[in-house]
Amino acid sequence: MTAPTAPGLFGALREQLTDAAAAFADSPDALAGILTGIVDDVDRALGERLEIFPVCHHSPASALAMVRRLRAKQPKVIYLELCEDLRPLLGELRNCRLPIAVQAFATELDGFPAEWSPLSVVAPITEASAEYQAIAYALETPDVELVLVDRSTDHVFQWSPRSSDEPPRDGAAADPETAEEAALHGDAVGVEIGDLRPRFAELEAYLLHHGKVRHWSEWWDQYVERPLADADHDTYRQVMVLIGSLFRRLRPAESARHDRDEDRERYMWTRIRQHLAASGADPADCLYVCGAFHAASHVEQFGLDSTAPDFAITPRTGTRWRYGLIPSSHSAIEAQFGLAPGAVSIAAASWTTAVSRSRLVPYRLDGQRGQKKTRRARGVAAPAPAGAVADRLTGFLAAPPALDELDEAELRGWCVDIVRLARRNGYLASTADAIAVFETSILLANLRNRARPTPYDFADAAVTCIEKDVVPGRRDVRRLCEILLGGDRIGQVGYDSLPPLARDVLDRLRPLGLDLEKRTVQRALLDLRADPALTPCSDLLWMLRHLLPPDAARPIMGERRLGHRSVQESWDLALGRNQRALIELGYEGVTVEQVLEQRLRRAVRGPDATAARALAAVEDAIRLLDSPRLVDELGARAVELLAAERTVDDAPDVLRRIRRLLAHYRTTAPALPAWCQAFVTTGYAHYCTLLPTAFVDEATGVRQVGAMLGFLFSMESLALSLGCDRTQLELAVAQSHPETPAKVALLWAARHQLGLLPLAELRARCAELLANPLVVPAFPQYLSGFVHALEPVPGLAPFVVETMSNAFARLPDPVLLPWLPTLITTLREQGPELVPLLVREAERTFPATLPALDAWTPPWVASAMSAAPTSPVAAVSATAGTVHALLVAHPESVDTVAGLIGGDAPWRSAAGPHSPGDAAAALLAAHPATAEAVAALVTTR
């Protein structure tokens, strides 16, 4: 243990800082108070009986100092700043490949707003971190106890502000290249272990500007990380507490996180006191590992000798938390904690170099995957004797930074490798560019007062010399530098540490013969006819397709819909790449079938459940689960939701899905299930009740009203057979009085379907609209209504084609041309299923060849011409000519009639004024009704 500091240990430093404040500050009292307060914080932290070890998150310098201190002190108890309920998971790290995130996950909330679901907390762990070294030492050393003292994951959200409907979330990756890896943590809240970053924006901007760096990670690497890499223990502790105190005192007091940070510190010190009291451990054999920010705490519970009462810890809520490990990555950590891209990769490379240079043997868990075997330290180091702490802080602050010698071999290797990597990615790089990068790196380091170029200097030089003005490939030069300097290492959870569901999935897919733990995309071929044993694999893949992200299990060939199963399937599987999603699936149940059933039930029981979603859940249950009981339960819920709806926004989706389900049951079941019959009868009465309101409601679209009418007309026969009354539909149509043109057209179509509006009258109304100059600008809206009327009245397709043709022929260009794009986009977005009806009807109506089009007369025009009134003489002449041609073609019956009227010669011969042909013409003129009937018959045929 470190002995308490003497009262005057930092007296000289206090005097120097006070004199500096008086000489350079406009208000020396305020600055002097801050500077001397920082020294007081250092003095207080080092004088505590329980040794405090300040750390920074994912800092190689902290990890190196931790290794040295653990080997020297050999503590028996380690108090670690980490959520206390995550302790049982730490032993599973030995089965994983780092980086890994320890996670707490909850979907069933009790005590939190329902909108926050799901809740997730992650704590990422890398090898180049002091936390991992402490964990590995405690788990691998006998008789060492590891105690997590930070607030539980439940308290993380208890202490979150509730002014928003959304829980606190982490940041998102801005680089699309790393978006996939950054999403490994999802929407989880990151537990910041040893977060050292100014909470004062102006201070951070000032430090970056005067440090000649672009990002906080680069400033920390240059001014803290490298100077402390080889520092002794006392220097390291004093400097880290000094930095934590500085950022703490310069943070605005009214910061939103101020109270939460202090509550965390009260919580941790209370847990430490409770454990010491219960275990009887000697504080001299203990080590408290926390962030440097918390090491300079000002709370009244700070220290073992504090007389303040313990912090009142509220009980946890009834939320059921599930715990596990998920894969993490360098880019995911950078995105979640706001670090510069590549910062964690550079830290990992610096850690490897420092370990090799210092010949330290870091602590690792036995069996740790992805790690090289390292030799163990021989023997056990004797605990460091207690002694007085010297003032190392004054010398560290007064001494100039140690200048590292330029390692030309390392820099030269970087330059050659980046040129080679750039050429592979499409850049026109050469040896000259490698030389330019080398010289520019040294130049930038000199401009920034560095004797040795850092990876950040090298990356800036490479971008300047190689990238020019265009990125030929998918990766830019800065991304290539990140890959070169260490790359984005992605962790993996071992099979033994997976939840039961994930292990069950891997076991059930083993017949495919693929290593699904790999992160590569693998192709699976299933011939279910030749190998029926693969059918369970196919069933499982379709369920995973529904539950996991789209790229986890993607079908290339084959489909599964109602009543259809493919006999051959091909899949692209990337379960290793989506390990996090598979693990979180395991938090919800033991088997995939159980999770799917639970999700389907939640989908129909949630506050945003609708009848359309319930029908979709019914379809999924039929396709993916062989459970008639679940289907009946979901279907009954769909009936309840439909009866309770007060809007018809989902009417198109409801119509499409119930038609599909009815067709499925009619082909696969002897009778419709009870819930299906109830849905039809309930929907018939429900839509009849809402129809008059929907016609006049401006918020209800034409597509929704058309879908309502489609449900009523297409389900009418079934509904009437189940006891519904058609009078209800007739009354609903009679009570509808729309005002918008599109809905008026829909109403006309509905009346025509009910037999209340003949087609001739409907055609006359449209002709009247086209003839009215005041209505012509609005006629396209009527036409849109007729197009949507094809849903309830598909028999109107010939009339719609006729009306559209007349509109194209008669509407003026200022009206027609602006309307055409709207018609096309409307049909594409709202009625894609109606387009085939129009196309097929147009194909039957219009000629198939261009020459035939020139001589073609539309059938509606021909019928109008035949029905147009003419003079009696012309009518008789036209009728006689048509009938005469018919009689010439069929002479037998006509010859008999001619004989009866006294004609001896054949009537069809060339005749004079008094030939039998004249007699036939006279007969037709005397009895024109018969001739007109025959002529109409001929024209129709």
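Look up a bit, the structure's there.
About the criteria used
Residues numbered from 1 in each chain as written. Predicted model: local features only at pLDDT ≥ 70, side-chain atom pairs only at ≥ 80, totals over all residues. Heavy atoms only, no water. Helix = DSSP H or I, 4+ residues; strand = E, 2+ residues; numbered from the N terminus. Buried < 20%, exposed > 50% of the residue type's maximum accessible area, 1.4 Å probe, protein only. Contact = heavy atoms within 4.5 Å. Areas by Shrake-Rupley, 256 points an atom, 1.4 Å probe, with all protein chains shown as cover. Phe/Tyr/Trp six-rings, centres within 6.5 Å; stacked < 30°, edge-to-face > 60°. Lys NZ or Arg CZ within 6 Å of the ring centre and 35° of its normal. Pairing = 2+ DSSP bridges. Axes fitted to C-alpha atoms, helices over the stretch in contact; angles between N-to-C directions. Parallel < 35°, antiparallel > 145°, perpendicular 65-115°, else oblique. Left-handed = near helix turned anticlockwise from the far one by under 90°. Nonpolar A, V, L, I, M, F, W, Y, C, P; charged D, E, K, R; others polar. Polar contact = N/O pair within 3.5 Å; in protein donor to acceptor, adjacent residues only side chain to side chain. Core = buried A, V, L, I, M, F, W, Y, C linked by side-chain atoms within 4.5 Å. Salt bridge = Lys/Arg side-chain N within 4 Å of Asp/Glu carboxyl O.

Q: Help me get a handle on the overall build of the chain, residues and values and all.
A: Along its length, the chain carries 41 helices and 13 strands. In the chain, which comprises 941 residues, the proportion classed as buried is 50%. Relative to all contacts within the chain whose residues are 6 or more apart in sequence, the contacts with residues 24 or more apart total 76%. Counting every atom, the chain has about 43,700 Å² of accessible surface; 56% of that belongs to carbon and sulfur.

Q: Lay out the packing of aromatic side chains with the relevant residues and their values.
A: Using the criterion set out here, one finds 18 aromatic pairs in the structure. Judged by centre distance (6.4 Å) and plane angle (55°), the ring pair of Trp116 and Phe157 falls under tilted. Of this pair, Trp116 sits in the loop between β3 (100-106) and β4 (119-125) while Phe157 sits in helix α5 (residues 153-158), and the two are 41 residues apart along the sequence. Pairing Phe786 with Phe799 gives two aromatic rings, centres 5.4 Å apart and planes at 85°, and the pair type is edge-to-face. Taken as a pair, Phe786 in helix α32 (residues 779-788) and Phe799 in helix α33 (residues 797-810) lie far apart in primary sequence, 13 residues in all. For the pair Phe786 and Phe799, a shared accessibility class is recorded, and that class is buried. Three or more aromatic residues joined by ring pairs make a cluster, and in this case those are Phe112, Trp116, Phe157 and Trp321. The aromatic ring of Tyr363 is capped on one face by Arg71, whose charged end is 4.2 Å from the ring centroid.

Q: Outline the sheet that holds strand β13 (residues 568-573), listing residues and values.
A: The 3 strands are arranged β9-β13-β10 in an open sheet whose pairing can be described as antiparallel. Looking at which strands have only one partner, the edges of the open sheet turn out to be β9 (522-527) and β10 (553-557). If you compare each strand with its neighbour and ignore which way they point, the axes differ by 25° on average. Strand direction decides the pairing type here: β9 and β13, joined by 6 bridges, are antiparallel. Bridge pairing in β13 places Asp527 opposite Gln568.

Q: Which residues make up the sheet that holds strand β2 (residues 77-83), and what are the values?
A: With parallel pairing, 4 strands are arranged side by side in an open sheet as β1-β7-β2-β5. In this open sheet, the two edge strands, each paired with only one partner strand, are β1 (51-55) and β5 (145-150). Adjacent strand axes in the sheet meet at a mean angle of 30°, parallel and antiparallel pairs treated alike. Of the pairings in the sheet, the one linking β1 to strand β7 (residues 286-291) comprises 5 bridges and is parallel in character. Note that in β7 the partner of Val55 across the bridge is Gly291. Here helix α3 (residues 60-73) sits on the sheet and contacts β1, β2 and β7; the angle it forms with β1, its principal contact strand, is near 155°.

Q: Which residues make up the packing of helix α22 (residues 592-605) against helix α23 (residues 611-624), and what values do they have?
A: Where α22 meets α23, the axes come as close as 9 Å, and the angle between the chain directions of the two elements is 165°. Compared by their axis directions, α22 and α23 come out roughly antiparallel. Judged by the sense of rotation from one axis to the other, the crossing of α22 with α23 is left-handed. Packed against α22, whose contacting residues are Leu596, Leu600 and Val604, the element α23 presents Ala614, Ala617, Asp620, Ala621 and Leu624 at the interface. Looking at the contact of α22 with α23, its residues break down into 7 nonpolar, no polar and 1 charged.

Q: A description of the pairing of β5 should follow, citing residues and the corresponding values.
A: Most of β5 sits out of view: 5 of its 6 residues are buried. Of the pairings in the sheet, the one linking β2 to β5 comprises 5 bridges and is parallel in character. Residue pairing in the sheet places Ile78 in a bridge with Leu146 of β5.

Q: Give me the environment of Asp41: which residues, what numbers.
A: Among the structural elements, Asp41 can be located in helix α2 (residues 28-46). Through-space distance from the C-alpha of Asp41 to that of Ala295 is 8.5 Å; in sequence the pair is 254 residues apart. If we ignore the near neighbours within four places in the chain, the residues touching Asp41 are Val241, Ser245, Arg249, Ala296 and His298. At 2.4 Å, the side chain of Asp41 and the side chain of Ser245 are in polar contact.

Q: I'd love a proper account of the nonpolar core, names of residues and values included.
A: If you look at the biggest cluster of nonpolar residues, it comprises 200 residues, and the most contacted ones within it are Leu509 and Phe679. Here the element with the most residues in this core is helix α26 (residues 674-696); it accounts for 11 residues. Excluding anything up to four places from it in sequence, Leu509 contacts Leu516, Cys537, Leu540, Leu541, Leu544 and Leu575. If you look at the next biggest cluster of nonpolar residues, it comprises 28 residues, including Ala434, Val437, Ala462 and Leu485.

Q: Which residues make up the pattern of salt bridges, and what are the values?
A: Applying the stated rule across the entire model yields 46 salt bridges. The partner of Asp263 in a salt bridge is Arg266, with the nearest N and O atoms 3.0 Å apart. With Asp263 and Arg266 both in helix α10 (residues 258-279) and 3 residues apart, this pair spans about one turn of that helix. The class of Asp263 is partly exposed, set by a relative accessible area of 21%. For Arg266, a relative accessible area of 14% puts it in the buried group. When the shortest N-O distance is used, the salt bridge between Glu761 and Arg765 registers 3.2 Å. Linking Glu761 with Arg765, this pair stays in helix α31 (residues 759-771), spanning 4 residues, or about one helical turn. Among the residues examined, Glu761 registers a relative accessible area of 35% and is labelled partly exposed.

Q: How would you sum up unusual backbone geometry? Please name residues and give values.
A: Looking along the chain, the bond that leaves Leu98 and enters Pro99 is cis, with omega of 5°. When you line up the elements, Pro99 lands in the loop between β2 and β3. One non-glycine residue with positive phi stands out, namely Gln74, at about 55°. Summarising the element assignment, Gln74 is placed in the loop between α3 and β2. By relative accessible area, which is 18% here, Gln74 ends up buried.

Q: So, the packing of α33 against helix α35 (residues 835-845): which residues are in play, and what are the values?
A: Packing of α33 against α35 brings their axes to within 9 Å, and their N-to-C directions diverge by 80°. Overall, the two elements α33 and α35 adopt an arrangement that is roughly perpendicular. For the pair formed by α33 and α35, the contact residues are Ala797, Pro798, Val800, Val801 and Met804 on the first element and Leu838, Glu841 and Ala842 on the second. Taken together, the residues of the contact of α33 with α35 sort by class into 7 nonpolar, no polar and 1 charged.

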